[in-house]
Protein chains: 2
Amino acid sequence: MRLLTLARDLRRRKARERQQLFVAEGLRTVEELLDAKLAVHGVLGTPELTRSPRGAALLAAVHTRGIPYLEVSDAEFASAADTETPQGVLAVAPVPARTLEQLTLGAAARVLVLDAVQDPGNVGTILRTAAALGVAGTVALPGTVDLWNAKVVRSAMGSLFRHHALACPAEALVAWLHAHHTPLWGADMHGDPVPATGAPDRLALAVGNEGAGLTAPVRAAAARLVSIPIASTVESLNVAVATGILLHQLRP
Amino acid sequence: MRLLTLARDLRRRKARERQQLFVAEGLRTVEELLDAKLAVHGVLGTPELTRSPRGAALLAAVHTRGIPYLEVSDAEFASAADTETPQGVLAVAPVPARTLEQLTLGAAARVLVLDAVQDPGNVGTILRTAAALGVAGTVALPGTVDLWNAKVVRSAMGSLFRHHALACPAEALVAWLHAHHTPLWGADMHGDPVPATGAPDRLALAVGNEGAGLTAPVRAAAARLVSIPIASTVESLNVAVATGILLHQLRP
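Here the residue numbers are simple positions, counted from 1 along each chain's written sequence. To read the labels, note that chains go from A and ligands from 1, taken in the order they are written. Reporting in this predicted model follows two pLDDT cut-offs: at least 70 for local features of residues, and 80 or more for side-chain atom pairs to be given and counted; totals over whole chains, interfaces and linings ignore these cut-offs and use all residues. For side-chain calculations, the full set of non-hydrogen atoms in the structure is used, while hydrogens and water are omitted.

Colleague: In this structure, what is going on with the relation of the copies chain A and chain B? I would like to understand it.
Modeller: Each copy of the chain is related to the other by a rotation around an axis and a translation along that axis. When chain A is fitted to chain B, the best match, at an RMSD of 0.0 Å, comes from turning it 180° and sliding it 0.0 Å along the axis. The transformation just described matches what one would write down for a two-fold rotation axis. The copies were overlaid with a least-squares fit restricted to C-alpha atoms from residues scoring a pLDDT of at least 70 in each copy.

Here it is as structure tokens:
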């Protein structure tokens, strides 16, 4: 399939899942993709790209790596772009083949579980946070936005290319956690205040949907529910902020 | 000025500053504004609004409070709206007159300082976080996005209506902190790892611009720079996530 048509097609989750390809859009995201040494299927750019030193350097790296490059008009680019004001460059790349089994946990380790978290900006920010705070891997359960959605990819600022993030069903995760002696805690506004010390050496933390919280299966599988105490005048914290506070507080 | 014209005009910061009015857009934001018992200048809605029970309840509250209401067409509403898919209701309200002098600090208290934080979504999320974590007040220094920008108001999810947030120059803040025996700490990626205990009873924490960090005057005024240790593969945390982690870690 022609690269432009392919990039347009990949805006749909079904197409990404069928083709196992995703789109990384914008200068910084494409730079991070190249830095991460992942395979790249092709790069699409506008004539504008060569006019900035940063764009020219990126193009040089694309050529050095022997990655197919296609120049298109601004209008054609916009037809494939996810952003409102595109920066004139996007890459199409294979979704890294990652499994739970590849995830090796040290004696003290953290796993993050996304239980139907729906906003792509939140999920991207959470992946960036998990990678920064040394989480071993992040598992997206059904109901969570596709990890390879263009906005998630962009908001993760490269973390998705290095951090072991993958999607799997809840039953597979629960079985894997059990086999790896890793208890699951869930974030819930009615849970116990998150303890300052005494968390298990290995721990998985599940955070839930922006409105509805954790799903019933995850709630049932959780050994403990924990919360961040907040003022009664505020309904909740943003899920990315709450995840950051909990991961930091529960760090090994 | 007619309400529709006024709402359109208030999309500009200069107009908001001159008129000392702001726009709260969307069902939830207008509900929070009414709940907060702030003065409301007027409400603008589309015919759609009365068709949902939630919209009808909101309109009833508007009428009970004797707030001027104007029904406009979808196209007229869109011309004043800040969102791409408007919910058909917005309110125009006076910017609450808040000063540093009104801010009373307990024996143990936290003040948050925004030092040229520019993204309105980040600032809204930070205000929501500060209110949730019991911060006494938030001070926006020059270079920070206008606190009464429509997207800040929306992202703050009502916190801006209750939390003592205001803008002031750096010199005024530094003098006030000094008079109130409140040391200033700054968040900086090269600072000391943030301590788990031993923070002063009264403390102001400054967080800086998404790209450039703290400004020189704030850096100079800070008694201490603190950081959140992160993995070397990640450039930084999102500023709202970092603020949440620091405020939680440094809570009195």
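Colleague: Whenever I open this one, the interface of chain A and chain B confuses me. Can you help?
Modeller: Contacts are residue-level and defined by heavy atoms, with any inter-residue pair within 4.5 Å sufficient. Between chain A and chain B, the residue contacts involve 27 residues of the former and 27 residues of the latter. Buried area between chain A and chain B, summed over both chains or domains, comes out near 2100 Å², and the portion from carbon and sulfur atoms is 60%. Simply put, the buried area is the total loss of 1.4 Å probe accessible area from both parts when two parts are fitted together. Area buried by chain A at its contact with chain B is led by A:Arg128, A:Ala132 and A:His248, which between them contribute 24% of it. Salt bridge, as used here: a side-chain nitrogen of Lys or Arg that lies within 4 Å of a carboxyl oxygen of Asp or Glu. Where A:Arg28 meets B:Glu235, a salt bridge forms, and the shortest distance between an N and an O atom there is 3.6 Å. N or O atoms within 3.5 Å of each other form a polar contact, as long as, within protein, one can give a hydrogen and the other can take it, and as long as residues adjacent in sequence are counted only when both atoms are side-chain atoms. Our count for the chain A to chain B interface comes out at six residue pairs in polar contact (both at pLDDT 80 or more). Strands are runs of DSSP state E lasting at least 2 residues, helices are runs of H or I lasting at least 4, and numbering of each runs from the N terminus. The set of elements that each furnish at least two residues to the side of chain A that touches chain B consists of helix 6 (120–132), helix 8 (159–162) and helix 11 (239–249) of chain A. Here the side of chain A that touches chain B gets six residues from one element, more than from any other, and that element is helix 11 of chain A. Three residue categories are used. Nonpolar comprises Ala, Val, Leu, Ile, Met, Phe, Trp, Tyr, Cys and Pro, charged comprises Asp, Glu, Lys and Arg, and polar comprises the others, including Gly. Of the residues assigned to the side of chain A that touches chain B, the class counts are twelve nonpolar, nine polar and six charged.

Colleague: Sorry if this is basic, but what is going on with the side chain of A:Gln249 here?
Modeller: Following the sequence through the fold, A:Gln249 ends up in helix 11. A polar contact is formed between the side chain of A:Gln249 and the backbone oxygen of A:Pro195, at a distance of 3.4 Å. Once you skip the residues sitting within four places of it in the chain, A:Gln249 turns out to touch A:Val194, A:Pro195, A:Ala196, B:His248, B:Gln249 and B:Arg251.

Colleague: What is the right way to look at the sheet that holds strand 10 (residues 224–227) of chain A in this model?
Modeller: The strands that make up a sheet are held in pairs by hydrogen bonds between backbone atoms, and each pair lies either parallel or antiparallel. Residue and element names in this part refer to chain A. The criterion for strand pairing is that DSSP finds at least two bridges linking the strands in question. In spatial order, the strands read 7-6-5-9-8-10; together these six strands make up an open sheet with parallel pairing. Each edge of the sheet is formed by a strand with only one pairing partner; in this case those strands are strand 7 (164–167) and strand 10. Strand-to-strand twist of the sheet, defined as the mean angle between neighbouring strand axes without regard to direction, takes the value 35°. Those strands touched by helix 11 are strand 5 (109–115), strand 8 (184–193), strand 9 (202–208) and strand 10, and its axis lies near 165° from that of strand 9. Lines fitted to C-alpha atoms define the axes here, with helix axes fitted over just the stretch in contact, and angles between the N-to-C directions of these axes take values from 0 to 180 degrees.

Colleague: I'm lost on the nonpolar core in this one. Help?
Modeller: One broad rule of soluble globular proteins: the nonpolar side chains tend to lie buried together. Residues grouped as a nonpolar core are buried Ala, Val, Leu, Ile, Met, Phe, Trp, Tyr and Cys residues, joined through side-chain atoms within 4.5 Å. Buried residues are those whose accessible area, probed at 1.4 Å on protein chains only, stays under 20% of the maximum for their type, while exposed residues exceed 50% and partly exposed ones sit between those limits. One finds A:Leu160, A:Phe161, B:Leu160 and B:Phe161 to be the most contacted residues of the largest nonpolar core, which totals 116 residues. Among residues more than four places away in sequence, those in contact with B:Leu160 are B:Arg98, B:Leu127, B:Leu147, B:Trp148, B:Val152, B:Val153 and B:Ala165.

Colleague: Can you help me understand the packing of aromatic side chains in this one?
Modeller: Any two aromatic rings considered together are summarised by their centre-to-centre distance and by the angle between their planes. All names here are of chain B. Only Phe, Tyr and Trp rings are paired, with Trp represented by its six-membered ring, and only when their centres lie within 6.5 Å; those with planes under 30 degrees apart are stacked, over 60 edge-to-face, the remainder tilted. All told, the structure shown has four aromatic pairs over all chains when counted by the stated rule. Seen from their ring centres, phenylalanine 22 and tryptophan 148 are 4.5 Å apart, and the 45° between their planes marks the pair as tilted. Of this pair, phenylalanine 22 sits in strand 1 (residues 21–25) while tryptophan 148 sits in the loop between strand 6 (137–140) and helix 7 (150–155); the two residues are 126 residues apart in sequence, bridging distant segments of the chain. When sorted by exposure, phenylalanine 22 lands in the same class as tryptophan 148, which is buried.

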